[in-house]
Structure formats: C-alpha cells, structure tokens
Amino acid sequence: MVVNFLRENKIAAGILTVLRLYLGYSWLTAGYGKLSSGGFDATGFLQGAVANPVKGPDGSIVYGWYVSFLENFAIPNVDLFNTIVPIGEFLIGLGLLLGCLTTAAMFFGLVMNFSFFLAGTVSHNPTDIFLGFIILFAGFNAGKYGLDRWVIPFIRKTVFKQALDTGKKAA
C-alpha cells in the first residue's frame with residue numbers, strides 16, 4: 001500500500017517534489033559554497049575523522065574499515081576529494097532541484113551522507129538520509145514533476161533499446 005502510494009500516486013509525487021527541492025537546495029548551496037570559496041580543503045576534516053573516530057560504548061572503534069579507508073586512500077588522495085566533494089554536492093543538488101536523474105542523484109547523495117556519518121559528523125545527516133531513502137524508494141515518481149518526466153522515457157527508449165538490439169545481434 002505504501003509502496004504503491006510512493007511509486008504511483010500523483011499526491012505522493014507532489015510531496016516528493018517538495019522533499020526533493022528541500023534536499024536539492026541543501027546540496028546545491030553546500031556545493032556552491034565550497035566551489036565559490038576559492039579553495040575547499042578536506043584535509044582537516046579527514047584528519048579529524050581519523051584522529052577521533054566513531055567509538056562504541058566500550059570505547060572501541062566502530063568503523064575501523066572506514067578509518068583505514070580514510071588513512072590509506074582519502075588522505076593520500078586529498079586533492080581528488082577536494083575536487084569531487086564540492087562538485088558532487090553541487091551536481092546532486094542540481095539533479096534534485098531539476099528533477100533530472102533524480103534516483104541517481106539521490107543515490108550519490110546518500111553515499112555522501114553515509115560517508116559524513118561514518119566519519120562521525122551527525123549534523124543533519126540522519127534527517128537527510130531518512131528523506132533520501134524515501135525519495136530513492138519512490139523511484140521515478142520522485143522526479144515526475146521535473147525533467148525526469150522527459151529524460152527517463154528518452155533514456156528507456158534510446159539507450160536501453162540500443163542495448164537490447166545489440167544483445168539480439170550478438171545472439
């Protein structure tokens with residue numbers, strides 16, 4: 001019942017549009033702020049996440065694998081992260097605001113939310129994750145009142161048809 005409501009109902013599409021616009025604005029402004037400041041640097045954040053990892057009630061590190069990822073990949077490649085974080089935030093926001101490739105934008109938004117969360121930043125991430133899963137779960141209906149109304153049918157008709165045609169020729 002809830003699944004059908006979220007995925008097919010026009011009223012749900014309107015509610016999802018409001019949620020999408022709210023999250024899109026948040027992502028877009030976060031990314032734009034970093035891009036327009038002239039020099040986003042994640043080094044301090046990453047080093048802080050490694051120095052003060054998320055710990056359980058017994059004091060042991062909860063996400064040791066994530067701390068290892070930060071130490072061994074993120075910090076040595078901080079220049080890459082200094083580029084992809086602000087651009088990623090901006091593009092996620094743009095996709096959500098325009099309702100273009102909404103599901104993909106929300107998926108990558110959730111990946112970033114979980115990354116911040118695993119690093120120990122609570123902030124508004126739990127709310128964003130909750131709303132993001134609603135949008136992701138709703139699928140196409142979340143972008144129905146946006147560019148997805150035209151973009152998704154075009155992709156289905158051209159890209160996936162070509163993939164099917166190529167598969168038939170190979171067989």
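Here the structure is shown first, and the text comes after it.
Since the structure is predicted, the reported quantities are computational estimates derived from the model, not experimental observations.

A. Geometry of the overall build of the protein. A count of helices and strands for the protein gives eight helices and zero strands. The helix and strand sequence of the protein, counted from the amino end, reads α-α-α-α-α-α-α-α. Projecting the C-alpha coordinates of the protein onto the three principal axes gives extents of approximately 50 × 40 × 35 Å. Each of the 171 residues in the protein was classed as buried or not, and the buried ones make up 33%. Sequence-distant contacts, at least 24 apart, represent 73% of the contacts inside the protein between residues at least 6 apart. Of the roughly 10200 Å² of accessible surface on the protein, a fraction of 69% belongs to carbon and sulfur atoms.

B. Region of the structure containing the layout of surface pockets. There is about 650 Å³ of room inside the largest pocket. Val 85, Glu 89, Met 112, Ser 115 and Phe 116 are the residues nearest the centre of the largest pocket, which is lined by 30 residues in total. Looking at which element gives the most residues to the lining of the largest pocket, the answer is helix α5 (residues 78–98), with seven residues. In terms of residue class, the lining of the largest pocket is made up of 19 nonpolar, eight polar and three charged. Counted as a void, the second largest pocket has a volume near 160 Å³. Surrounding the second largest pocket, Leu 91, Ile 92, Leu 94, Gly 95, Leu 98, Cys 100, Leu 101, Ala 104, Ala 105 and Phe 108 form its lining.

C. Structural context of a nonpolar patch on the surface. A contiguous nonpolar surface patch, about 650 Å² in accessible area, is contributed by Leu 35, Ile 87, Leu 91, Leu 94, Leu 98, Leu 147 and Trp 150. The biggest single contributor to the nonpolar patch is α5, with four residues. Structurally, Leu 94 is set in helix α5. What makes Leu 94 partly exposed here is its relative accessible area of 33%.

D. Expanded view of the nonpolar core. The biggest cluster of nonpolar side chains holds 17 residues, and the ones touching the most others in it are Leu 16, Leu 23, Trp 27, Leu 96, Met 106 and Ile 135. Those elements giving two or more residues to this core turn out to be α2 (10–36), α5, α6 (102–118) and α7 (125–138). Leaving out residues up to four positions away in the same chain, Met 106 has contacts with Leu 23, Trp 27, Leu 96, Gly 132, Ile 135 and Leu 136. One finds Leu 46, Val 67, Ala 74 and Leu 118 within the second-largest nonpolar core, a separate group that totals 12 residues.

E. Structural view of unusual backbone geometry. One non-glycine residue with positive phi stands out, namely Leu 101, at about 55 degrees. Relative to the assigned elements, Leu 101 resides in the loop between α5 and α6. You will see that Ser 123, though not glycine, has its phi angle at about 40 degrees, which is positive.

F. Structural detail: the packing of aromatic side chains. Tallied over the full model, the rule gives eight aromatic pairs. Taking 6.0 Å as the distance between ring centres and 80 degrees as the angle between the ring planes, the aromatic pair formed by Phe 73 and Phe 81 counts as edge-to-face. Using a relative accessible area of 37% as the deciding quantity, one classes Phe 73 as partly exposed. Through pairs of rings, three or more aromatic residues link up here, namely Trp 65, Tyr 66, Phe 69, Phe 73 and Phe 81. Its end group placed over the ring of Phe 140, Arg 156 keeps NZ or CZ at 5.7 Å from the ring centre.

Parameters at a glance
Position numbers for residues start from 1 in each chain and track the written sequence from start to end. This being a predicted model, a pLDDT of at least 70 is required before a residue's local features are given, and a value of 80 or more before pairs of side-chain atoms are given or counted; all residues contribute to the totals for chains, interfaces and linings. Computation of side-chain values: all heavy atoms of the structure, hydrogens and water removed. For helices the rule is a DSSP run of H or I covering at least 4 residues; for strands it is a run of E covering at least 2, with both sets numbered from the N terminus onward. To sort residues, take the accessible area from a 1.4 Å probe on protein chains only and compare it with the maximum for the residue type: under 20% means buried, over 50% means exposed, and anything in between is partly exposed. A contact between two residues is defined here by any heavy atoms of the two lying within 4.5 Å. We get accessible surface area from the Shrake-Rupley algorithm with a probe of 1.4 Å; when it comes to residues, only the shown protein chains can shield them. For cavity detection a 1 Å grid was placed over the protein atoms alone, and a set of points counts as a cavity when a 1.4 Å probe fits there but cannot get out; an open set counts as a pocket when protein lies on both sides within 12 Å along at least five of seven lines, with lining residues being those that have an atom within 4 Å of a point. Grid points are joined across faces, edges and corners, and a volume is the space filled by probe spheres set on the points. Three classes are used: nonpolar for Ala, Val, Leu, Ile, Met, Phe, Trp, Tyr, Cys and Pro, charged for Asp, Glu, Lys and Arg, and polar for all others, with Gly counted as polar. Residues form patches when they are more than 30% accessible in relative terms and have no salt bridge. Like charges link within 9 Å. Nonpolar side chains (Val, Leu, Ile, Met, Phe, Trp, Tyr) link within 5 Å. Salt bridges are identified by distance alone: a Lys or Arg side-chain nitrogen within 4 Å of an Asp or Glu carboxyl oxygen. In plain words, nonpolar cores are sets of buried Ala, Val, Leu, Ile, Met, Phe, Trp, Tyr and Cys residues tied together by side-chain atoms within 4.5 Å. Centres within 6.5 Å make a pair out of two Phe, Tyr or Trp rings, where for Trp the six-membered ring is used; the pair is then stacked when the planes are under 30 degrees apart, edge-to-face when over 60, and tilted otherwise. Counting as a charge over the ring demands two things of the Lys NZ or Arg CZ atom: a distance within 6 Å of the ring centre and an angle within 35 degrees of the ring normal.

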